[in-house]
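Per-entry structural report
Each chain, written out:
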Amino acid sequence: MLLCIDCGNTNTVFALWDGEEFLCTLRTSTHHARTADAYFTWFSTLLNHYRIKPDISDVIISSTVPRVVFNLRVFADRFFGCRPLVVGKPDCQPPVPPRVDAGTSVGPDRLVNAAGAHDRHGGDLIVVDFGTATTFDVVAQDGAYVGGVIAPGVNLSLEALHSAAAALPHVDVTKPAHVIGTNTVDCMQSGVFWGYVGLVDGICNRIKGAYDRPMKVIGTGGLAPLFSTGEALFDTVEDDLTMHGLTVIHRHNKEHT
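So, here's what we can say about the structure. (Residues numbered from 1 in each chain as written. Predicted model: local features only at pLDDT ≥ 70, side-chain atom pairs only at ≥ 80, totals over all residues. Heavy atoms only, no water.)

1. Topic: the overall build of the protein
Scanning the protein from terminus to terminus reveals seven helices and 10 strands. With the C-alpha coordinates of the protein rotated into their principal frame, the extents come out at 60 × 40 × 35 Å. Taken across its 257 residues, the protein has 45% of its residues classed as buried. Sequence separation of at least 24 residues holds for 59% of the intrachain contacts in the protein that already meet a minimum separation of 6. (Helix = DSSP H or I, 4+ residues; strand = E, 2+ residues; numbered from the N terminus. Buried < 20%, exposed > 50% of the residue type's maximum accessible area, 1.4 Å probe, protein only. Contact = heavy atoms within 4.5 Å.)

Laid out in structure tokens, this is it:
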């Protein structure tokens, strides 16, 4: 079994892959001070709840929060007796190297999304990932990550609006019934929802114009299904794209070591 761990700025996701399917996907908040023992206590408790007996032989980690990687390494070594692959490190390479400016460090989450998307859909892709930031990853025909766009995440924008304007409440992200709000909450929800629909549509169209060839747009991340209801933004929405990408990178490194 392969344990895939995706650590983002807000949440950390663990998924157990048996070679054919994901047996479970578990989510916890990201915290740099969480110890290896704390990870194992949480992880084993939930596996017992789902009556899953893990036989983990390999671990792969993608983390946009460098400070958590050490404890995740200890977690893998102490409890499963394996040295984990960490995306972005010299001993863990994507199937196709990114083509970006010299000296640029590409986020591991973007390498993983590119690998997973290319494995499923081929090249000439835009991957839109709704996380703490909203990212747009451009994947070339051969599977290389060749650049993209980073915008503030939806929830981050809402929190900033609520923090900076004392009279504005915190609201949930949802599709409003009408574009024109008739109260403060409706106005804010409309601004965020339709504002991000416009942002995604506009950026994807500009990328397509710059790329000068047909491209498929893939939505992923927690809010992708919600925003897919606004307009025809995506050709497909995949909630397990990142985890699939981790299995692709793991397989590539096992076959080439």
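Moving on from the coordinates now.
2. Some details on the nonpolar core
Grouped together as the largest cluster of nonpolar side chains are 25 residues, with contacts concentrated most on Leu-3, Ile-5, Phe-14, Phe-43, Val-59 and Phe-75. Within the residue set of this core, elements represented by two or more residues are strand E1 (2-7), strand E2 (11-17), strand E3 (22-29), helix H1 (36-49), strand E4 (58-63) and helix H2 (69-80). Excluding residues within four positions of it along the chain, Phe-43 makes contact with Leu-3, Phe-14, Leu-26, Ile-56, Phe-75 and Phe-80. (Core = buried A, V, L, I, M, F, W, Y, C linked by side-chain atoms within 4.5 Å.)

3. Points about the pattern of salt bridges
Under the counting rule described, the total for this entry stands at nine salt bridges. Linking Asp-119 and Arg-251 is a salt bridge whose minimum nitrogen-to-oxygen distance equals 3.4 Å. Of the two residues, Asp-119 is situated in helix H3 (residues 108-121) and Arg-251 in helix H7 (residues 241-255); the sequence distance between them amounts to 132 residues. Owing to a relative accessible area of 37%, Arg-251 belongs among the partly exposed residues under this scheme. It is possible to trace a salt-bridge network through shared partners that takes in Arg-120, Glu-238 and Asp-240. (Salt bridge = Lys/Arg side-chain N within 4 Å of Asp/Glu carboxyl O.)

4. Re the sheet that holds E2
Here five strands make up an open sheet; going across it, the order is E3-E2-E1-E4-E5 and the pairing mixed. Looking along the sheet, the strands with just one partner apiece sit at the ends: E3 and strand E5 (85-86). Here six bridges tie E1 to E4, and the two strands are oriented parallel to one another. The residue bridging Cys-7 from the neighbouring strand is Ser-63, located in E4. (Pairing = 2+ DSSP bridges.)

5. Regarding the sheet that holds strand E10 (residues 236-237)
Pairing between the strands of a sheet is mediated by backbone hydrogen bonds and can be parallel or antiparallel. Reading across the sheet, the five strands line up as E8-E7-E6-E9-E10 and stay open at both edges, with mixed pairing between neighbours. The strands lining the two open edges of the sheet, one partner per strand, are strand E8 (145-152) and E10. Across six bridges, the pairing between strand E7 (residues 133-139) and E8 is antiparallel. Residue Ala-133 lies in a different strand from E8, and its bridge partner there is Pro-152.

6. Re the packing of H1 against H2
Axis separation between H1 and H2 bottoms out at 8 Å; the angle between their running directions is 65 degrees. Here H1 and H2 pass one another in a crossing that is right-handed. On the side of H1, the interface is formed by Ala-36, Asp-37, Tyr-39, Phe-40 and Phe-43, while H2 contributes Asn-71, Leu-72, Val-74, Phe-75, Arg-78, Phe-79 and Phe-80. Per-class residue counts for the contact of H1 with H2 are nine nonpolar, one polar and two charged. (Axes fitted to C-alpha atoms, helices over the stretch in contact; angles between N-to-C directions. Left-handed = near helix turned anticlockwise from the far one by under 90°. Nonpolar A, V, L, I, M, F, W, Y, C, P; charged D, E, K, R; others polar.)

7. What about the pairing of E1?
Remember that side chains alternate between the two faces of the sheet whenever the strand is regular. Across the six residues of E1, six count as buried, placing the element largely inside the fold. Burial along E1 is two-sided: Leu-2, Cys-4 and Asp-6 facing one way and Leu-3, Ile-5 and Cys-7 facing the other are all buried. Two elements, E1 and E2, share six bridges in a ladder whose sense is antiparallel. Each residue of the ladder has a partner; that of Leu-2, found in E2, is Trp-17. Between the antiparallel neighbours E1 and E2 lie three residues.

8. With respect to the packing of aromatic side chains
Under the criterion given, the structure shown has 17 aromatic pairs. A network of ring pairs unites the aromatic residues Phe-14, Tyr-39, Phe-40, Trp-42, Phe-43, Phe-75, Phe-79 and Phe-80 as a single cluster. (Phe/Tyr/Trp six-rings, centres within 6.5 Å; stacked < 30°, edge-to-face > 60°.)

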